[in-house]
Amino acid sequence: MKNLEFLKRAQKFWSSEHVSLRWWHLLFTFKRAENSLANRTSGITRLIPILLFVALVTLFFGLTIPILRVEKFFLFEDLISISGAIDQLAHGGEYLIAVIILLFSVIFPTIKILVANYIWRARSVGHKSVQRAVKLIDLLGKWSMLDVFIVGMIVISAKSSGMANATSQPGMYYFGTSVICSMLAVILLKRAIDKITPTC
């Protein structure tokens, strides 16, 4: 009897409300709200979830895998990742620079991907929360290239010091792939919303 009650609770926990999805549906399932953008679009917009998934995976690798190999005096070699650079700056007392890199290279890109996923499948296209999420995406979009700029500044600062020779590493390409995929996904999202919204 207790097992049956537990199963009923579990089913209720995981069941969709159809009109909107709860946070655990977004994180742990592939469910879509009944009138979501995911259920109302076709064609190239079907690439949006793939782009978002690739953006999230490559962002993780781009943050953890080295983006630069720095050789000093042809004797010493150091591999620099974005997460490692943030850690070193924080331990070195450069808190402002560490926070800026953390914001624009980690937090903002992650939020943008998660919000885009929310817009894609969480609620009805015309829901107020979706409209607010689109505004948030627009706000984050204004800073979308700053993460690339920051990584570029790390490369330039390493190469401009005469004592070091810097070469790019795979993490750089992973990070760039994440930025491009998330930008493409957002563009497709906004185009799909523009097509559907007038008929809602």
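It should be noted that the structure appears before, not after, this text.
Being a predicted model, the structure only gives us computed values, none of them experimental. Note on numbering: residues in each chain are counted from 1, in written sequence order. Predicted model: local features are reported for residues with pLDDT of at least 70 only, side-chain atom pairs are reported and counted for 80 or more only, and whole-chain, interface and lining totals are derived from all residues. Remark: hydrogens and water are excluded; side-chain values derive from all non-hydrogen atoms of the structure.

A.B. asks: Looking at this model, I keep getting lost on the overall build of the protein. Mind explaining?
C.D. replies: Going along the chain from the N terminus, every DSSP run of H or I of four or more residues is numbered as a helix, and every run of E of two or more is numbered as a strand. A tally of regular secondary structure across the protein gives 8 helices and 3 strands. A total of 200 residues make up the protein; the buried ones form 38% of that total. Only heavy atoms matter for contacts: two residues are in contact if any of them lie within 4.5 Å across the pair. Restricting the contact set of the protein to residue pairs at least 6 apart, pairs at least 24 apart contribute 68%. Areas reported here follow the Shrake-Rupley algorithm with a probe of radius 1.4 Å; residue values treat only the protein chains shown as occluding. Put simply, the protein shows about 12400 Å² of open surface, and 68% of that area lies on carbon and sulfur atoms. Relative accessibility under 20% of the residue-type maximum defines a buried residue, over 50% an exposed one, and the middle range a partly exposed one, all with a 1.4 Å probe and only protein chains included.

A.B. asks: What am I meant to see in the packing of aromatic side chains here?
C.D. replies: The way to describe two aromatic rings as a pair is by their centre distance and the angle between their planes. Working definition: rings of Phe, Tyr and Trp (its six-membered ring) pair if their centres are within 6.5 Å, and the pair is stacked with planes under 30 degrees apart, edge-to-face with planes over 60 apart, and tilted otherwise. A full pass over the atoms with the stated rule returns 3 aromatic pairs. Plain terms: the ring middles of F60 and F61 are 5.6 Å apart, the flat faces sit at 65° to each other, and that makes the pair edge-to-face. Residue classification places F61 among the partly exposed residues on the basis of a relative accessible area of 33%. Centre to centre, the rings of F61 and Y174 are 5.4 Å apart; their planes meet at 40°, and the pair counts as tilted. With a gap of 113 residues between them, F61 in helix α3 (residues 48–64) and Y174 in helix α8 (residues 170–196) connect regions that are remote in the sequence. Residue classification places Y174 among the partly exposed positions, given a relative accessible area of 32%. Chaining the aromatic ring pairs together yields one cluster made of F60, F61 and Y174.

A.B. asks: Before we go on, may I ask you to explain the nonpolar core in this structure?
C.D. replies: Taken as a class, soluble globular proteins show a tendency for nonpolar side chains to be buried jointly. Grouped together as the largest cluster of nonpolar side chains are 39 residues, with contacts concentrated most on L37, I82, I119 and L189. Going through the elements one at a time, α3, β1 (68–72), α4 (82–91), α5 (95–121), α6 (128–141) and α8 are the ones with two or more residues in this core. By nonpolar core is meant a set of buried Ala, Val, Leu, Ile, Met, Phe, Trp, Tyr and Cys residues that side-chain atoms within 4.5 Å join together.

A.B. asks: What is the right way to read the packing of α3 against α8 from this model?
C.D. replies: Geometrically, a packed helix pair is captured by the angle between its two axes and the distance between the axes. Interaxial angles span 0 to 180 degrees and are taken between N-to-C directions of axes, which are lines fitted to C-alpha atoms, for helices over the stretch in contact. Packing of α3 against α8 brings their axes to within 7 Å, and their N-to-C directions diverge by 155°. The orientation of α3 with respect to α8, classified from their angle, is roughly antiparallel. The crossing of α3 and α8 is left-handed. On the side of α3, the interface is formed by I48, L51, L52, V54, A55, T58, L59, F61, G62 and L63, while α8 contributes G171, Y174, F175, T177, S178, C181, S182, L184, A185, L188 and L189. Think of it as three bins: nonpolar holds Ala, Val, Leu, Ile, Met, Phe, Trp, Tyr, Cys and Pro, charged holds Asp, Glu, Lys and Arg, and polar takes everything else, Gly as well. Among the residues forming the contact of α3 with α8, the class breakdown is 15 nonpolar, 6 polar and no charged. Each angle receives one of four descriptions, namely roughly parallel if under 35 degrees, roughly antiparallel if over 145, roughly perpendicular if within 65 to 115, and oblique otherwise. By convention, the crossing between two helices is left-handed when the near helix turns anticlockwise from the far helix through less than a right angle, and right-handed when the turn is clockwise.

A.B. asks: Quick question: what am I supposed to make of α4 here?
C.D. replies: Residues separated by three or four positions in an α-helix point in the same direction, a consequence of the helix having 3.6 residues per turn. Listed as buried for α4 are I82, A85 and I86. For α4, the buried positions fall inside an angular range of 100° around the axis, keeping them on one side. In α4, those exposed residues whose orientation departs by more than 90 degrees from the buried face are Q88 and H91. G93 occupies a position one or two residues after α4 and carries a positive phi of about 90°. For this quantity, the arc is that covered by the directions from the helix axis to the C-beta atoms.

A.B. asks: How should I be thinking about the environment of R121 in this particular structure?
C.D. replies: Looking at the secondary structure, you find R121 in helix α5. Residue classification places R121 among the buried positions, given a relative accessible area of 7%. Sequence separation between R121 and S36 is 85 residues, and the spatial gap between their C-alpha atoms is 5.2 Å.

Read these as geometric descriptors, not functional statements.
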